[in-house]
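Structural overview
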Amino acid sequence: MPDLPVPGPASDPVSGSVPAPGSASGSKAASGSEAGNPPAAGPLARLSGDGRATVSESFGQTTADVGAGDWVALLAAARAEGYEFFDWLTAVDEPPEEFAVVAHLFAPASRSRLLLRTRVPRADPRLPSAVGVFRGADWHERETFEMFGVVFEGHPNLVPLLLPDGFEGHPLRKDFVLAARVAKAWPGAKEPGESDHGSPSRRKTLPPGVPPGWGRDRGA
């Protein structure tokens, strides 16, 4: 049986040359962007260098934190460095003082990801809109506005997206009262003493998210 040929390193499709071992073109792992990290230089690095942004990495996730005034500049810098796919944007309620606004971007060329974060005061949660940089942020900002009450200044149409007309409050804030848990009985198993098995009764507890004494006058 004849010996099979041993395949050599692939040649460059344009020049026809074979990359040398350990060269930048011959080893993708040598590039920081190929390994899932943002490039070492560029607008994002400049924001970090002048103290306007703090870039960190934890569990393989690169994160950039900025003040609210530099939010749009951070988004634009990330897009200029190849993070052109806008994945999602939302908020996190961090009582008692603030909300964190978080956006996730993806760079198709390098297949790397970047998490962007900023914070706004709970008393007046306002942030410049990202729609001018990523049009895909439109619906994400509308949802964050109605769920958390964060106002995105400059948004072209900041109106509720999911909730019915006339809905009051912001359901994803941690101080939002889950009235439905009091107004309507929970399905499934009941508290001891409420079933037909004659179990001993105990003091009822309010469902999670309902302040003590809330709704006692209702239905009286």
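What you are looking at is a predicted structure, and each value in this text was computed from that prediction instead of being measured.

Mapping Ser-110 onto the fold places it in the loop between strand E4 (98-107) and strand E5 (112-121). The class for Ser-110 is buried, based on a relative accessible area of 14%. A distance of 2.7 Å separates polar atoms of two side chains, one belonging to Ser-110 and the other to Ser-112.

Taken together, the buried positions of helix H2 (residues 71-80) are occupied by Trp-71, Leu-74, Leu-75, Ala-77 and Ala-78. Buried residues in H2, looked at end-on, bunch into an arc of 165°, giving them a common side. Against the buried residues of H2 lie helix H1 (43-49), strand E2 (61-66), strand E3 (85-94), E4, E5 and strand E6 (126-128). Note on H2: the residue one or two positions beyond its end, Gly-82, has a positive phi of about 105°.

Turning our attention to the pairing of E5. Inspection of the sheet shows E2 paired to E5 by three bridges, in the parallel sense. The residue of E5 that forms the bridge with Thr-63 is Leu-115. Of the strand pairs in this sheet, E4 and E5 are connected by ten bridges, and their pairing is antiparallel. Residue Phe-106 lies in a different strand from E5, and its bridge partner there is Arg-113. Two successive antiparallel strands, E4 and E5, enclose a turn made up of four residues, where Arg-111 displays a positive phi of approximately 55°.

Conventions we followed
- Residues numbered from 1 in each chain as written.
- Predicted model: local features only at pLDDT ≥ 70, side-chain atom pairs only at ≥ 80, totals over all residues.
- Heavy atoms only, no water.
- Helix = DSSP H or I, 4+ residues; strand = E, 2+ residues; numbered from the N terminus.
- Buried < 20%, exposed > 50% of the residue type's maximum accessible area, 1.4 Å probe, protein only.
- Polar contact = N/O pair within 3.5 Å; in protein donor to acceptor, adjacent residues only side chain to side chain.
- Arc of directions from axis to C-beta.
- Contact = heavy atoms within 4.5 Å.
- Pairing = 2+ DSSP bridges.

Distances and angles like these do not, on their own, reveal function.
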